[in-house]
Amino acid sequence: MIGENARQPLGIVVSGSVDKGVEVRLDSSASVEDMVVGRYVTIEGRQRRFFGMITDISLGVTDPQLTVNPPDTADPFLSEVLNGTATYGTIHVLPMLTIGGDVTSLIEGPQPVKTVPSHFSMVSLASDDDMNLVFGEEDANRFFIGNPLDMETKLCLDLPEFVKRSNGIFGKSGTGKTFLTRILLIGMLQKSKSVNLIFDMHNEYGWMGTSETDGRKVKALKQLFPEKVAVFTLDEENSRRRGVSTDFVVKIGYDEIEPEDMVLLRQTLNITDLAVEASYQLRRRFGRQWIQRTLDVGESEDTQELLKEMNIHESTFQSLRRGLQTISRLSFIEPHAPVDAVNTLLSYLDKGMNVVLEFGRYRDITAYVLVANMLARRIYARYQERMERSMSEDIAPPNPLVITIEEAHKFLNPEVASRAIFGTIAREMRKYNVSLLVIDQRPSGIDEEVMSQLGTKITCLLDNEKDIDSVLAGVSGKSELKSVLARLAPKQQALIFGHAVPMPVPIRTREYGSAESYKGFIGEAGSGQQAKKDIEELWD
Amino acid sequence: MGFLKMPDLSDRVGEVIEASTTHFVAECYQLYELPPLGGLVSVGDTSLETFGIVYHATTASVEPGRRPIARGKDEASEEEIYKSSPQLEKLLRSEFSTLVVGHSNGETIYQYLPPKPPRIHSFVYLCPSERVREFSRSFDFLNLLLNTSLPVSVEELVAATLRQMSQAHEDRQAFLKAAGRELAVLLSSEFSKLRAILGRLRL
């Protein structure tokens, strides 16, 4: 395996440590300008082979005199003599994985690095075979999501592994988070055996989305996989106008809203802490009809007495009432919903259908937070109940569920993460077969505890120091990855690290939006179905 | 490596008149028939052939105390002086000093000092191109050149040697480039010295 194919050597290891990575002095034949931060290299140690990433590139001179009195660069003879001898390039490589030379370690596959290659080990760029060895080839579980930077290899994510934990997609606005999410969702609905519930704030995942660069329309999930995706909407009229065939119109009754939902809405509705507390009291007093009753209460003498009795201050009550009025003005909220949305949703999920919930024109954060939180809380409760029953009664557990939320910092900021349902889901992970796919542009706004529980993080370009720090918190080689992350192209490039990949890898995401790309996505599904059919026929 | 061919008698340039482990001095048979500065010369036979590089040459009176006097006042040209005073050829002599840079046992060339210095009256040959090419396969001798103190500057001598050797190579530029890269490594902390040598290597 080792030294199997002759490679163009880049240089040799000259110094290093496990903690900080190794320094590689470039050969004169390798141009420093061809090196790119984020590229993969292999290092042939004496007993084992190392995989690492270029995290820094620098220039060196043997004699400081050279920098003080630079030679005449116009002289080709002089520059050819000095290049690679007196003046040289070095690259800093962060070793990440090793493969031992013996048979057992070949079977075990790549292991995390616990040592450094010996002095003067040869370094060369990783070949496509190397990458396949580390990341695996496309198969029934692995889904092609993009190519490592400057390489043709298909980088494949092990999706069943990926959905075992909550995951995050981050990046500044306009860096391709939505496209990346679409690709991942397609992967999940094809290869992960899990079902997805997507709270689609901007109506981009259900039927059709637009490309921000050229305004081109791109197909979304339901157009590509009509038999696997159902579109729910909060705003039927808007969906119809956009030509989306919806499967269900979600209406929410007052009686479905709980005081817990008010906690999350405190900021967006601009109500006081005391008003949130008061909602609990009112819920106790009035029962499920508390919102209706609160709104119905006029400013009569009775009200004054009622408030006095419950020890709620007049202004607090008014604050809460104003908030509830804002909610009641949302047209999908009705005093009593004709069909229970949660039951319908669950029945779709049970059938293995993926559900995209479109918000239509309700793009403001109040509606989004309210609906997402409320539905997720109740679905989670049902999942919890069913999981517990399945454990005790030995029946099949419900399909693993992945809930996709955008603007995640609204649900997961430190203030509310401990009380909101999404915080619980992120922390308890997959105990109840529910995990999150968190999409956000300001990861620093998300509670640290939640961030630390995210299994795999995929991040597009971030340039805020705080955001970068919070995304990379707790990752080994953080400072090196930081320089890779800050240098990603503003479009179509992302850094993946965490549970689902053996080592961090910057990628150029897979093409999405052209007719060919659709064929690629659907083709994969088609072949899978064909295989399934073949197997069924075999058993008949 | 095959058996090395010994140089022809026609390449003979002089005879050793003083020898030590690191240097030898030779006198030319003909006045002014000196090998060039930096030229590669060899002494001895196949059992022990010593290589030297010419680093210094003088032409002076045979007797140390007796200086030549000017004779050309009434002559039309320089040659006339020698023609009218034929004894000059005998009263003056040309000598050159060489630095020992390697030796050969007849099969292999070693670029380090030989076990014994050459004998007095050994013939000194100027190495032909073929022999120079063989010798300059390796640049280890540069280290010997750079680390001696000589009456001429080391930079001058190294540059002259490499220029001389390059004449034996078909691609002179490629040879000089390779030598330059070797020097850049040897002189990694002495860039000014390196620059002085490289500046003298231009063709």
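It should be emphasised that the depicted structure is a prediction, and the values quoted were computed from it without experimental measurement. (Residues numbered from 1 in each chain as written. Chains lettered and ligands numbered in written order. Predicted model: local features only at pLDDT ≥ 70, side-chain atom pairs only at ≥ 80, totals over all residues.)

**Q** When you look at the overall build of chain A in this model, what are you seeing that I'm missing?
**A** Summing up its helical and strand segments, chain A has 21 helices and 23 strands in all. Expressed as a percentage of the 540 residues in chain A, the buried residues total 46%. Counting only contacts in chain A whose residues sit at least 6 apart along the sequence, the fraction spanning at least 24 positions is 71%. (Helix = DSSP H or I, 4+ residues; strand = E, 2+ residues; numbered from the N terminus. Buried ≥ 20, exposed ≤ 12 C-beta atoms within 10 Å, placed from the backbone. Contact = placed C-beta atoms within 7 Å.)

**Q** What is the right way to look at the overall build of chain B in this model?
**A** Regarding its fold elements, chain B presents seven helices and seven strands. Listing each helix as α and each strand as β along chain B from the N terminus yields β-β-β-β-α-α-β-β-β-α-α-α-α-α. Taken over C-alpha atoms, the radius of gyration comes to 19 Å for chain B, in line with the 17 Å a tight globule of 203 residues would show. Principal-axis analysis of the C-alpha atoms places the extent of chain B at approximately 55 × 40 × 30 Å. Buried positions account for 33% of the 203 residues belonging to chain B. Put simply, of all contacts in chain B between residues at least 6 apart along the chain, 70% involve residues at least 24 apart. (Rg over C-alpha atoms; globule rule 2.2 N^0.38 Å.)

**Q** Teacher, can you tell me more about the pairing of strand β5 (residues 87-100) of chain A here?
**A** Moving residue by residue along a regular strand, the side chains alternate between the two faces of the sheet. Residues and elements named next belong to chain A. With 11 of its 14 residues buried, β5 lies for the most part within the structure. Inspection of the sheet shows strand β2 (residues 21-26) paired to β5 by four bridges, in the antiparallel sense. Paired with V24 across the strands is I91, a residue of β5. With 13 bridges joining them, strand β4 (residues 48-61) and β5 adopt antiparallel strand pairing. Counted as the bridge partner of F50 is T98 from β5. The pairing of β5 with strand β6 (residues 111-112) spans two bridges and is antiparallel. For T98, the partnering residue across the bridge sits in β6 and is Q111. (Pairing = 2+ DSSP bridges.)

**Q** Sorry if this is basic, but what is going on with the interface of chain A and chain B here?
**A** A common way to report how large an interface is uses the accessible area buried once the components associate. At the junction of the two partners, chain A supplies 12 residues and chain B supplies 14 residues. Looking at the side of chain A that touches chain B, the elements with two or more residues in it are α1 (65-68) and α2 (76-82) of chain A.

**Q** Would you explain the sheet that holds strand β10 (residues 167-170) of chain A in this entry?
**A** Whether parallel or antiparallel, the strands of a sheet pair through hydrogen bonds between backbone atoms. All names here are of chain A. Pairing is mixed across the open sheet formed by 12 strands, whose spatial order is β9-β8-β23-β22-β21-β10-β20-β19-β11-β18-β14-β15. The open sheet terminates on both sides in strands that have one partner only, identified here as β9 (155-158) and β15 (248-249). Inspection of the sheet shows strand β11 (residues 195-200) paired to strand β19 (residues 401-405) by four bridges, in the parallel sense. Bridged to V195 within β19 is L401. Its contacts with the sheet place helix α14 (residues 341-350) against β11, β14 (229-233), β15, β18 (354-358) and β19, and it is angled at close to 145 degrees to β18. (Axes fitted to C-alpha atoms, helices over the stretch in contact; angles between N-to-C directions.)

**Q** It is not clear to me how the nonpolar core should be interpreted in this structure. Could you clarify?
**A** Core analysis: the largest hydrophobic core is formed by 151 residues, its most contacted members being A:I405, A:F411 and A:F422. Here this core gets 11 residues from one element, more than from any other, and that element is helix α15 (residues 365-393) of chain A. Non-local contacts of A:F411, meaning those with residues more than four positions away in its chain, are made with A:L264, A:V369, A:A372, A:N373, A:I405, A:V416, A:A420 and A:F422. Membership of the second largest hydrophobic core comes to 48 residues, among which are B:A19, B:I53, B:V158 and B:A160. (Core = buried A, V, L, I, M, F, W, Y, C linked by C-beta atoms within 7 Å.)

**Q** Can you help me understand the confidence of the model for chain A in this one?
**A** Detailed reading of the predicted coordinates is not advisable wherever pLDDT falls low. All names here are of chain A. Here chain A shows a mean pLDDT of 83. Residues at 70 or above account for 94%. Here helix α21 (residues 515-539) stands out as the least confident element of chain A, with mean pLDDT 61; β2 is the most confident, with 93. Note on residues 1-5: pLDDT is under 50 here. Beyond four places in sequence and across chains, it has six contacts. (pLDDT = per-residue confidence, 0-100.)

**Q** What should I look at first to understand α14(A) in this one?
**A** All names here are of chain A. Of the positions making up α14, those classed as buried are A341, V342, L345, L346 and L349. Along α14, the residues classed as buried sweep out an arc of 125 degrees about the axis, all on the same side. For α14, the exposed residues lying more than 90 degrees away from the buried face are N343, S347 and D350. For α14, the elements touching its buried residues are β11, β16 (252-253), β18, α15 and β19. Once α14 ends, the next one or two residues include G352, with phi positive near 85 degrees. (Arc of directions from axis to C-beta.)

**Q** What exactly am I supposed to notice about the domain arrangement of chain A here?
**A** What the domain assignment reports for chain A is domain 1 (9-126), domain 2 (157-249 + 354-473 + 480-529) and domain 3 (254-328). Spacing between the C-alpha centres of domain 1 of chain A and domain 3 of chain A amounts to 65 Å. (Domains from an automatic or database assignment.)

**Q** Would you take a moment to explain the packing of helix α9 (residues 259-269) of chain A against helix α10 (residues 273-286) of chain A for this structure?
**A** For any two helices packed against each other, the geometry comes down to the angle between their axes and how far apart the axes lie. All names here are of chain A. Axis separation between α9 and α10 bottoms out at 9 Å; the angle between their running directions is 165 degrees. Viewed along their axes, α9 and α10 adopt a mutual orientation that is roughly antiparallel. In this structure, the crossing between α9 and α10 has a hand that is right-handed. Mapping the contact onto sequence places P259, M262, V263 and R266 in α9 and V276, S279, Y280 and R283 in α10. Class assignment of the residues belonging to the contact of α9 with α10 gives a composition of five nonpolar, one polar and two charged. (Parallel < 35°, antiparallel > 145°, perpendicular 65-115°, else oblique. Left-handed = near helix turned anticlockwise from the far one by under 90°. Nonpolar A, V, L, I, M, F, W, Y, C, P; charged D, E, K, R; others polar.)

**Q** Any chance you could explain the confidence of the model for chain B here in plain terms?
**A** Residue and element names in this part refer to chain B. Confidence along chain B averages 90 in pLDDT terms, with 97% of residues attaining 70 or more. By mean pLDDT, helix α2 (residues 88-91) is the weakest element of chain B at 88, and strand β2 (residues 23-28) is the strongest at 95. Two numbers describe this predicted complex: its pTM, 0.75, and its ipTM, 0.78.

**Q** How should I be thinking about helix α20 (residues 478-486) of chain A in this particular structure?
**A** An α-helix turns once every 3.6 residues. As a result, residues three or four positions apart point the same way. A:E480, A:L481, A:V484 and A:L485 are the residues of α20(A) that are buried. Along α20(A), the residues classed as buried sweep out an arc of 140 degrees about the axis, all on the same side.

**Q** Teacher, can you tell me more about the environment of A:E358 here?
**A** With respect to the helices and strands, A:E358 occurs in strand β18. When the C-alpha atoms of A:E358 and A:K217 are compared, they prove to be 17 Å apart, with 141 residues separating the residues in sequence.

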